[in-house]
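These are the residues of each chain, in order.
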Amino acid sequence: MSSSSPDVLIIGGGLAGLSAAVELTSRGHSILLLEQKQHFGGRTYSFIHPETGDEVDNGQHLMMGCYHSTLKYLETIGRISLVEVQSNLSIVFRESNKSPSLFQTVPLPAPLNVLVGLLRLQSLSFSHRLAMLRVGIELVLRNPEKNKHLQSITVAEWLEELKQPEENRKYLWDIIAIGALNDSTDRISAALFVKVLKSAFFGSRFNSSMVIPKKGLSTVLIDGAVSYVQKRGGRVLKNNSIKQISDIVSSISSVELESGEVITPKAVISAVPYFDIPRLFKDPGSIGLTDMDQFISSPIITIHLWFDAHFMQEQFVAMIDSPIHWVFNKSKIYGREDEGLMYLALVVSGAHDLVEKEKDELVNIAHHELKRFYPSASVAKVIHSLVIKEKRATFSPKVGLEQFRPQHKTTVQNLFLAGDWTDTKLPATIEGAVQSGYGCADTADKFIKSKR
Ligand SMILES: Cc1cc2nc3c(=O)[nH]c(=O)nc-3n(C[C@H](O)[C@H](O)[C@H](O)COP(=O)(O)OP(=O)(O)OC[C@H]3O[C@@H](n4cnc5c(N)ncnc54)[C@H](O)[C@@H]3O)c2cc1C
């Protein structure tokens, strides 16, 4: 039976595990990263669609200028040129039988850039736009991490308190909230929403810009990290894991891989999601995780459609009053807007009501909605379709959950936690995962140095 002793064993090859591996190898540590699946990337990956050759994401991912750790990660792994960064935030809102309206920030310092953009939002009456300013003022005054009241109410209750008319919710707040936090405003925590709005709309002007991957997610966010780590001597194994960890006392001295190899690391990082913790640790309570039942999942469905005609001009749009929340024109994003088939990805966030529907029904709903919003879609034929349901896309950021999100340190001295569900103060996002990976790498690095 072979054995090895890397400085750090990382379990989980999603963005949290990979960013921890990138950071640790760049600091000169030896690492072994294990991923149980055939592919790295976890909930952020892409594959080639056999019929068209297109790169298909497991779900469309958007980033923002305020994703500072992610942008640093993309620089480090050499993939920053594969994202498009808007010069100013620009989102088209579409509503059936109405002209589209544009929410666009202007080239002024934040938050003026956003406030002027809101005041110009044509879909709302001027008095409703003025009502939006109440939210702006609240954002300036409140610190979501200290404000107990915000932590105890939902987004819907918060908007009610700020006297936001129904139109303001429909045309802006609900779309941002469900897109960023992936659940209904009746469930999600106002504190987390305020944190998202503050990160995106305050600070630098660039923070609110959308950052759009120009290629498949694995090409942009994953493959470069794997090569980066391997080039620096890190070992990364797919389709591999460890036997369940049980009977931990005060530290983990050795673990056995499923292949039988024994590893004696100085530190261990668990970068697996909340739903895989009970499979990895026989007794999560023994490492300080006593409240795992607080985490519940919220689904995202992506309906990928290839049409025989190009009827959509925009890069992406938000859909008002539709079961479909966003439509992404992948042909345009991939830089081949008039060639061959038109490839669209339609996203349903917080998809509790649709997730059990059959594929054909979801494709019919999607096509029906496109015809309502784009009359010329009625003459376009669906040539290929693919539905991806991610039932555990994110944790539901319900009111009160924040207190149960764990820190990097556990009750076991050389075991550390990373992942979008740990205490990042952000919703389940790419940025949360990468921040947690970097933070956890730093904690493990300090631990190893303290033992020298
Ligand atoms: C459809 C969809 C759309 C999304 N859209 C956005 C978006 O627009 N913007 C945004 O910022 N975020 C978005 N997200 C959220 C984002 O993808 C996640 O927050 C992020 O990928 C989580 O990364 P992670 O590393 O924490 O976890 P994961 O990606 O889940 O990675 C954990 C890894 O650990 C592995 N693992 C588990 N157990 C073991 C074990 N015992 N041994 C070895 N390996 C193990 C898993 O296989 C997995 O690869 C979206 C998510 C989905 C699913």
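Structural data are supplied above this passage.
Everything quoted here is computed from the prediction, not taken from an experiment. (Residues numbered from 1 in each chain as written. Predicted model: local features only at pLDDT ≥ 70, side-chain atom pairs only at ≥ 80, totals over all residues. Heavy atoms only, no water.)

So, the sheet that holds strand β8 (residues 90-94)
Remark on secondary structure: sheet strands pair via backbone hydrogen bonds, oriented parallel or antiparallel. Our working rule: What makes two strands pair is DSSP finding at least two bridges between them. Each helix corresponds to a stretch of at least 4 residues labelled H or I by DSSP, and each strand to a stretch of at least 2 residues labelled E; elements are numbered beginning at the N terminus. Axis definition: a line fit to C-alpha positions, over the contact stretch in the case of helices; interaxial angles, taken between N-to-C directions, run 0 to 180 degrees. In what follows, residue pairs with any heavy atoms lying within 4.5 Å of each other are defined as contacts.
A sheet is described by the order of its strands in space; here 7 strands give the open sequence β9-β8-β16-β17-β18-β15-β19, paired in mixed fashion. Of all strands in the sheet, those with a lone pairing partner are β9 (101-104) and β19 (382-395), marking the two edges. Averaged over all neighbouring strand pairs, the angle between strand axes comes to 25°, with direction disregarded. The sheet contact formed by β8 and β9 spans 4 bridges and is antiparallel. Bridge assignment links F93 to a residue of β9, and that residue is S101. In the packing of helix α12 (residues 359-373) onto the sheet, contacts are made with β8, β15 (297-307), β16 (316-319), β17 (326-329), β18 (342-348) and β19, and the angle to β15 comes to roughly 65°.

Comments concerning the sheet that holds strand β7 (residues 83-85)
As summarised here, the arrangement of the 3 strands in space is β6-β10-β7, forming an open sheet in which the pairing is antiparallel. Of all strands in the sheet, those with a lone pairing partner are β6 (63-64) and β7, marking the two edges. Here β6 runs beside strand β10 (residues 210-213); their pairing, made up of 2 bridges, is antiparallel. Residue M64 lies in a different strand from β10, and its bridge partner there is M210.

Structural notes on α12
Filter applied, for reference: Residue count minus one, scaled by 1.5 Å, sets the expected span of a helix. Exposure categories follow from relative accessible area, calculated using a 1.4 Å probe and restricted to protein chains: below 20% of the type maximum is buried, above 50% is exposed, and the middle band is partly exposed.
End to end, α12 covers 21 Å across 15 residues, agreeing with the expected 21 Å (1.5 Å per residue, within 8%). Among the residues of α12, L362, V363, I365, A366, H367, E369, L370 and F373 are the ones counted as buried. Looking at the buried positions of α12, the neighbouring elements they touch are β8, β15, β16, β17, β18 and β19.

A look at a negative patch on the surface
Note the cut-off: Exposure above 30% relative accessible area and the lack of any salt bridge qualify a residue for a patch; like charges then connect within 9 Å, and the nonpolar side chains Val, Leu, Ile, Met, Phe, Trp and Tyr within 5 Å. The method behind every accessible area is Shrake-Rupley, applied with a 1.4 Å probe, and residues are considered shielded solely by the protein chains displayed. Between Lys or Arg on one side and Asp or Glu on the other, a salt bridge is scored when a side-chain nitrogen of the former is within 4 Å of a carboxyl oxygen of the latter. We score Asp and Glu as negative and Lys and Arg as positive, and we do not count His or the chain ends. The location of each charge is read from NZ of Lys, CZ of Arg, CG of Asp or CD of Glu.
A cluster of acidic residues, E157, E160, E161 and D186, forms a negative patch on the protein surface. The residue E160 is located in helix α6 (residues 155-161) in this model. The class of E160 is exposed, set by a relative accessible area of 60%.

What to know about the site of the ligand
Selection rule: We call a residue near a molecule or strand as soon as one heavy atom of that residue lies within 4 Å of the molecule or strand. Polar contacts here mean pairs of N or O atoms no more than 3.5 Å apart (in protein, one a potential hydrogen donor and the other a potential acceptor; neighbouring residues in sequence count only if both atoms are side-chain atoms). We call Asp, Glu, Lys and Arg charged. Ala, Val, Leu, Ile, Met, Phe, Trp, Tyr, Cys and Pro are nonpolar, and the rest, Gly among them, are polar. Here the bounds of each domain stem from an automatic or database domain assignment.
Around the ligand, the surrounding shell holds 37 residues, and the nearest of these are E35, T44, Y67, S241 and D420. Here an oxygen atom of the ligand sits 2.8 Å away from a polar atom, N or O, in the side chain of R43. A distance of 2.7 Å separates an oxygen atom of the ligand from a polar side-chain atom of Y67. Taken together, the elements giving at least two residues each to the shell around the ligand come down to α1 (15-26), α10 (277-280), β19 and α13 (430-450). In the shell around the ligand, the residues fall into 15 nonpolar, 15 polar and 7 charged. Counting contributing residues, the shell around the ligand receives three or more from each of domain 1 (3-45 + 215-295 + 398-450) and domain 3 (297-395).

So, the pattern of salt bridges
Applying the stated criterion to the full structure yields 25 salt bridges. Between R27 and D445 there is a salt bridge; the shortest N-O distance is 2.7 Å. Of this pair, R27 sits in the loop between α1 and β3 (31-34) while D445 sits in helix α13; the two residues are 418 residues apart in sequence, bridging distant segments of the chain. One salt bridge connects R187 with D183, and the closest N-O pair in it is separated by 3.0 Å. R187 gets classed as partly exposed once you look at its relative accessible area, which sits at 38%. Via salt bridges that share partners, E23, R27, D442, D445, K446 and K449 belong to a single interconnected network.

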